Structure formats: C-alpha cells, structure tokens
Amino acid sequence: MFASAPAGSLHLSHPAFGARRPRLARCRSSLSSSGAAPPPANANHLIQTLCASGRLSRAAALLQGLPAPTQRTYESLLQAAARAGDAALAAAVHRRLEADPVFRSDPFLSTRLIDAYAALGALPAARQVFDEAPDKNIFVWNALLKALTLADHGDEALARLADMGRFGVPVDSYSYTHGLKACIAVSASHAPASARVREVHAHAIHRGYALHMHVATTLIDCYAKLGIVGYAENVFAAMPERNVVSWSAMIACYAKNERPADAIELFKDMLASDADLVPNSITIVSVLNACAGVNALGHGKLLHAYILRRGFDSLVSVLNALMAMYMRCGRLEVGRHIFNWIGRRRDVVSWNSLISGYGMHGFGREALQVFEEMIQIGLSPSIITFISVLGACSHAGLVDEGKKLFESMMDYGVKPRAEHYACMVDLLGRAGQLDEAVELIQSMHIEPSPQVWGALLGACRIHGHVEYAEMACSRLFDLEPRNAGNYVLLADIYSRAKLQDQVAVLKELLEEHGLEKVPGCSWMEVNKKIHSFTSVDNKNPPVEQLQALIGEFVAQMKNEGYVPDTDIVMYDIEEEEKERILLGHSEKLAVAFGLINTRSSEVIRITKNLRLCEDCHSVTKFISKFTEREIVVKDVNRFHRFRVGICSCGDYW
C-alpha cells in the first residue's frame with residue numbers, strides 16, 4: 001500500500017518477509033496423551049466453560065484425549081492462557097494446533113495465537129506464528145502489528161506496515177491505528193514522531209480511513225502526546241460521528257496540554273450533545289485532572305456527586321483522581337479522607353498522590369511519614385514515589401532527609417533517573433547549596449536533562465548566582481533552543497546583578513530568534529465559571545478597574561515601607577511605568593477579581609501557570625491581612641496559603 005503511493009512513503013528498514021525462525025522448544029505439558037481419560041461427549045463445551053471460570057488445569061486435562069477440538073475451544077484456551085499469564089498452556093495449545101489437520105492453517109486461530117503470545121510478552125513466538133502461517137490475511141497482519149507495537153518495537157511495526165503495501169495486502173482502519181501507535185513507540189523525541197504520525201495520517205486520508213472512528217481517535221491521542229493540540233482539534237472537528245472514546249481522547253488532550261478550562265467546557269459539551277452518551281472512567285479521570293489544573297473546586301464537587309450517582313466510586317483509578325483533585329484544589333483534608341476511605345484497595349498511585357499532596361502544601365515531614373507507612377505495609381515505591389517524596393523534601397527544605405532518600409533508591413530497585421536528579425538539584429539549590437548541586441550534576445551517570453539544568457538555573461535566580469546560571473544556560477540554549485523562558489530567567493539574574501549590558505544582549509537574542517516568553521496566566525472559578533487572566537499591558541476597562549484596586553493596596557503598602565520589585569521588568573522604561581506593568585500581573589488581577597466577585601467568607605482560589613513572583617507574593621500577603629481574606633494560590637511548584645499577612649510557604653519557595 002505505502003509502496004504504491006507516489007510520495008511520502010515510509011522508507012524504513014525491515015526484516016526479510018517470511019524469514020523462518022526455529023520452532024518453539026518442545027516442553028512437557030499437561031496435554032501429554034499418556035494416561036488421559038476419555039473425554040465426555042460434550043467436552044468442547046465443558047472446556048470452554050472451564051476456561052471462562054479460570055479452571056485451566058481441568059480444561060487442559062480434558063483436552064488431552066479430545067479427538068476433534070473446535071475452533072471455539074482453541075480460542076477459549078488461548079484467551080484463558082493470556083488472561084492467566086500461562087505461557088506453557090499457550091505453547092501447548094500451539095503444538096496441538098500444529099498437529100491438527102483441520103485448524104493448523106486457520107488464519108483466525110493464527111490471529112488468536114499471536115494475540116495470546118503478545119499478551120504474554122512472548123514476541124519471538126508471535127513472530128514465529130506469523131512467519132509460519134500459510135494464510136496471512138489482513139487479520140493476521142494486524143495481529144502482528146499490534147504485538148510489535150505493544151512490545152515497543154515500533155520500527156519493526158512500521159516496517160511490516162510498509163511490507164503490506166509492497167506485498168499487496170490491503171490495509172484497513174486497524175492497520176492505521178497500530179501504525180500510528182508505533183510512530184509514538186519508536187521515537188524518543190517529538191520531532192521524528194510528529195513527522196511519522198503526519199505521514200501515516202496523510203496515507204490514511206489518501207485511502208479514506210482518516211475519519212474512521214478509531215483511526216481518528218488514535219490520531220487525537222497521538223497528537224495529544226506530541227503536544228500538537230491544533231491538529232487534534234482539526235481531527236476531532238472533522239469526525240462525522242463521535243463515541244465516548246473519541247470525546248474522552250479530546251478531553252484528555254486538553255487536560256494534558258495545559259488547557260484544563262477547555263477540557264471542562266468540552267466535557268459539558270459532551271454531556272449536552274447526546275443524552276445516551278455516558279462518560280467512562282477515563283473521561284472522569286481526565287476531567288478531574290482538568291479541575292485540579294485550574295483550581296476548579298466547584299466543578300470538582302459537582303463531578304464528585306456525579307461519580308457517586310453513577311457508581312464510579314467503585315473504581316480505585318477514579319478515587320485516586322478524585323483525591324488528587326481535592327488536594328490540588330487546596331482541600332488537603334478532604335483528599336486525606338478519601339485516601340482513608342479507599343482503605344485496603346489503595347495502590348501505589350494512591351500513596352503517591354497523598355505524598356505529592358502533602359509536598360505541594362509544604363508539609364514535608366508529613367509526606368515522609370506517609371512514605372514510611374507505605375514501606376512498612378510492604379508496598380514497593382515506584383519511580384513516581386521518589387519524585388513525589390524528594391519534591392516534598394525540597395519544598396520543606398529537608399536537605400538531609402532528601403539526601404538519605406536519594407541514596408536509598410537502589411535499595412528499592414529504583415535506579416535514579418533525570419527527574420530524580422532534578423529534584424535533588426532543586427533541593428540543594430533552594431537551600432543555597434549550589435556548589436554541591438553542581439557537583440551532583442557533574443557526577444551523574446546519565447546525561448543531564450533540561451530538567452536538571454533548569455533546576456540549577458531556578459536556584460541561581462533565587463540566590464543571584466551569575467556564574468552557575470551562565471553554566472546552566474550554556475547547556476539549556478543547546479538543549480532547548482526555542483525555550484524563551486531560559487533567556488528570560490538569565491536576563492532576570494543579570495538585571496538583579498545590575499549587568500544591564502548582558503540583559504540587552506539577551507533581549508537582542510530573543511528578538512533575533514523570534515522567541516517570546518510564555519505569558520503569565522492565572523485562573524479562578526467563580527459561580528462555576530472559569531475566569532482567566534493574562535499578564536498583558538493593555539488598557540481595556542475591566543483590567544483597568546482591577547489594576548486600580550490593586551493600586552490602592554500598593555499605595556497603602558508604600559506608606560508602610562514597601563518598595564515594588566521592578567527588577568523583574570526587562571523593559572528600559574521609567575520606574576513609574578515599570579510599577580504600572582507590575583500591577584498587571586495575572587495573579588494580582590485574579591486576586592482583585594476575587595475580592596470584587598466573591599463573598600467575604602469565601603476562600604479566593606487561584607492557579608498560576610508560572611512561579612509566583614516575589615512582588616505578587618508580597619502584595620498578596622498584605623491584601624490577605626488588610627481584607628481579612630484567605631487567599632490560596634497554586635503556582636507551578638507549590639501552594640501558597642495567605643492568611644493575616646503570612647504565607648504557608650514561610651517565604652521559602
């Protein structure tokens with residue numbers, strides 16, 4: 001198929017078609033015919049029933065002397081072997097099939113055999129079945145594509161997909177689905193994966209399969225993983241019909257790509273589009289994540305009620321997401337209550353969510369206590385567990401405890417990855433131990449990632465260390481040439497060090513490369529509606545009203561000795577103009593909006609997409625004291641709970 005296309009064909013290396021491999025080793029099994037009792041007359045039906053109930057040893061015993069197993073009997077045995085993880089039974093059924101004159105050439109059973117081996121992780125055996133299958137129809141080919149993709153052999157899957165075109169095998173929608181998943185599996189970075197997905201997408205369009213339900217849904221999922229939201233939106237908009245899976249894929253796309261408000265709105269559209277369209281657990285989890293992303297506690301509570309009404313509270317995955325939503329919306333005590341209610345059903349995700357929740361709120365010692373409880377009950381910590389608990393130590397300044405945890409990782413069979421090193425660099429850097437952070441980076445057994453260098457750069461900004469900041473940026477500019485944030489952070493460090501010439505050079509580089517800083521954006525929920533605020537220099541009336549209110553607070557603060565932190569404004573303008581720009585920071589606008597539009601008894605909850613700046617932190621502390629309001633701000637790193645002029649972070653963030 002692809003070989004016949006005039007342009008854009010997949011030119012991938014591929015193994016020789018039809019290469020035969022050694023047959024599976026013969027091993028002893030319960031299917032030996034010696035001493036087998038004659039099967040009852042209805043043995044086929046009985047075997048199928050036993051397979052359905054998981055009584056495989058009895059089913060295998062009945063098969064021993066069965067003279068004529070049916071196709072359904074073979075299928076039941078293979079599916080049961082896959083479910084039970086019984087590779088020996090699958091291999092024994094395979095041998096029986098090879099000796100069966102009726103079914104040894106049956107493509108349907110070849111497909112089922114490949115599926116079983118794929119589920120059992122026996123890819124060489126799956127390849128052997130394919131190579132030896134005398135009748136390779138489209139279902140057999142698709143089964144192999146699926147097996148290769150599941151095993152992360154994306155290159156080989158794409159090569160086989162190309163083979164189908166060369167050998168005249170007509171592809172179908174499932175072929176494209178497996179091919180798209182292979183594009184993601186084969187590429188370590190987004191650039192080649194994106195090119196391959198778009199290539200397969202083009203072929204699917206050419207063959208008329210691009211708008212088939214599961215092809216389009218897979219495309220949305222692939223583009224979501226690649227962060228190409230616009231392409232996913234185009235595919236979704238063009239779908240002639242949608243099911244719950246396609247709606248869920250688009251909702252998840254928004255939730256995963258920093259557009260949580262859009263995810264919530266799309267969920268509402270889904271419910272309004274068709275009364276018979278019932279969300280599944282994946283939909284619910286995605287929307288809960290979106291609610292957490294914008295601190296939409298009101299929407300989260302409504303979803304909680306929906307979960308109880310629809311019975312989704314029986315699923316641990318949904319309860320884990322519900323617990324995380326409450327904690328990420330500032331309701332740590334409710335999250336802990338749900339954790340306790342899950343009880344014996346808790347999995348490692350449950351524990352990780354609780355540890356992460358305590359960490360985001362600055363309760364490092366509580367996070368460590370939960371980690372110890374998890375170890376005591378015999379649950380093995382995962383990669384994510386250590387990221388969560390090291391992050392908790394970082395936010396709380398628990399340097400010694402973090403070091404001990406990092407050194408203990410190998411004791412639990414977890415080899416430190418770039419993410420763990422980034423946590424340690426952040427931990428040491430926040431505490432001012434920059435020399436030790438640099439030594440740790442230099443001792444890494446793997447190449448430092450942008451996360452690692454970014455953690456060092458962030459610490460340099462906190463402590464004003466120019467030399468190490470330049471070291472970090474020399475690597476970051478190579479690793480992330482299009483990330484304007486690194487240039488802006490270094491410029492901020494230069495500005496605070498009064499190195500204006502270097503600031504000017506960085507500004508020129510930003511303009512030369514056409515890079516723009518990600519604008520600060522804040523969200524808050526009022527009366528079940530999500531409101532967004534962007535740090536922009538404009539003069540529309542609503543923004544002017546909010547800025548004027550903040551300006552009144554700032555005037556009072558100046559009487560008490562407050563000096564606006566204008567060093568973060570990179571523009572070469574008058575000091576008064578810099579102060580006006582500070583008044584337009586998104587979190588200040590959100591605070592003002594909350595003061596105007598919420599009751600005095602309500603907590604003002606705000607989410608910020610970047611780190612909370614020092615000036616906004618100072619102003620919000622004052623406002624919380626002057627207005628006697630509680631203000632909760634969740635920035636990209638942690639929670640800040642402002643009460644009576646004090647922040648829960650203790651000015652350590």
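Residues numbered from 1 in each chain as written. Predicted model: local features only at pLDDT ≥ 70, side-chain atom pairs only at ≥ 80, totals over all residues. Heavy atoms only, no water.

## Notes on the nonpolar core
Phase 1 of the analysis: Counting 168 residues, the largest nonpolar core has Met325 and Leu456 as the members making the most contacts within it.
Phase 2 of the analysis: Residues in contact with Leu456, not counting those within four places in the same chain, are Val425, Leu434, Val438, Ile441, Tyr468 and Ala472.
Phase 3 of the analysis: With 36 residues, the next largest nonpolar core counts Tyr562, Ile604, Cys616 and Val619 among its residues. (Core = buried A, V, L, I, M, F, W, Y, C linked by side-chain atoms within 4.5 Å. Buried < 20%, exposed > 50% of the residue type's maximum accessible area, 1.4 Å probe, protein only. Contact = heavy atoms within 4.5 Å.)

## Remarks on the UniProt feature "repeat: PPR" (unreviewed entry) in the protein chain
Phase 1 of the analysis: Under the UniProt annotation, "repeat: PPR" (unreviewed entry) lies at residues 243-277, 347-381 and 382-416.
Phase 2 of the analysis: Counting secondary structure, residues 243-277 comes out at 77% helix and 0% strand; the distance between its end C-alpha atoms is 7 Å.
Phase 3 of the analysis: Structurally, residues 382-416 comprises 69% helix and 0% strand, and the distance from its first C-alpha atom to its last is 11 Å. (UniProt positions renumbered as here; feature names shortened; annotations may be inferred. Helix = DSSP H or I, 4+ residues; strand = E, 2+ residues; numbered from the N terminus.)

## Considering helix H19 (residues 348-360)
Because each turn of an α-helix spans 3.6 residues, side chains separated by three or four positions end up pointing in the same direction.
Phase 1 of the analysis: The end-to-end C-alpha separation of H19 is 18 Å, in line with the 18 Å expected for 13 residues at 1.5 Å each.
Phase 2 of the analysis: The inward-facing, buried residues of H19 contact helix H17 (316-328), helix H18 (332-342), helix H20 (364-376), helix H21 (383-396) and strand E5 (639-643).
Phase 3 of the analysis: The N-capping residue of H19, defined by a side-chain oxygen 3.1 Å from the backbone nitrogen of Val349, is Asp347.
Phase 4 of the analysis: Where H19 ends, the next residue or the one after it, Gly362, has phi of about 85 degrees, a positive value. (Expected span 1.5 Å × (residues − 1). Polar contact = N/O pair within 3.5 Å; in protein donor to acceptor, adjacent residues only side chain to side chain.)

## Side note on the pattern of salt bridges
Once the charged atoms of two side chains with opposite charge are near each other, the side chains can pair.
Phase 1 of the analysis: Enumeration according to the criterion identifies 31 salt bridges in this entry.
Phase 2 of the analysis: We note a salt bridge from Lys225 to Asp221, for which the minimum N-O separation is 3.3 Å. With Lys225 and Asp221 both in helix H11 (residues 213-226) and 4 residues apart, the pair spans about one turn of that helix.
Phase 3 of the analysis: Residue classification places Asp221 among the partly exposed positions, given a relative accessible area of 27%.
Phase 4 of the analysis: The salt bridge involving Glu614 is made with Arg496; its shortest N-O contact spans 3.9 Å. Taken as a pair, Glu614 in helix H32 (residues 614-627) and Arg496 in helix H27 (residues 484-496) lie far apart in primary sequence, 118 residues in all.
Phase 5 of the analysis: Owing to a relative accessible area of 23%, Glu614 belongs among the partly exposed residues under this scheme.
Phase 6 of the analysis: Residue Arg496 is classed as partly exposed on the basis of its relative accessible area, which comes to 29%.
Phase 7 of the analysis: Connected through shared salt-bridge partners, Arg461, Asp492, Arg496, Asp565, Arg611 and Glu614 make up one network. (Salt bridge = Lys/Arg side-chain N within 4 Å of Asp/Glu carboxyl O.)

## Quick look at the state of the cysteines
Phase 1 of the analysis: Scanning the entire structure with this criterion turns up 0 disulfides.
Phase 2 of the analysis: Unpaired in terms of disulfides, Cys329 finds its nearest cysteine sulfur in Cys291, a separation of 6.9 Å.
Phase 3 of the analysis: What makes Cys329 buried here is its relative accessible area of 0%. (Disulfide = S-S within 2.5 Å.)

## Remarks on the packing of aromatic side chains
Phase 1 of the analysis: Inspection of the entire model under this criterion finds 15 aromatic pairs.
Phase 2 of the analysis: Centroid distance Tyr74 to Phe103: 5.9 Å. Interplanar angle 75 degrees. Geometry classified as edge-to-face. Taken together, the residues span a long stretch of sequence, with Tyr74 in helix H3 (residues 71-84) and Phe103 in the loop between helix H4 (87-98) and helix H5 (107-119) at a distance of 29 residues.
Phase 3 of the analysis: Ring centres of Phe236 and Trp247 lie 5.2 Å apart, and the angle between their planes is 80 degrees; on these two criteria the pair is classed as edge-to-face. (Phe/Tyr/Trp six-rings, centres within 6.5 Å; stacked < 30°, edge-to-face > 60°.)

## Quick look at a negative patch on the surface
Phase 1 of the analysis: There is a patch of like negative charges on the surface, built from Asp572, Glu574, Glu575 and Glu576.
Phase 2 of the analysis: Tracing the sequence through the fold places Glu576 in helix H30 (residues 575-583).
Phase 3 of the analysis: The class of Glu576 is exposed, set by a relative accessible area of 67%. (Patch = residues over 30% accessible without salt bridge, like charges linked within 9 Å, V, L, I, M, F, W, Y side chains within 5 Å. Areas by Shrake-Rupley, 256 points an atom, 1.4 Å probe, with all protein chains shown as cover. Lys, Arg positive; Asp, Glu negative; His and termini not counted. Charge placed at Lys NZ, Arg CZ, Asp CG, Glu CD.)

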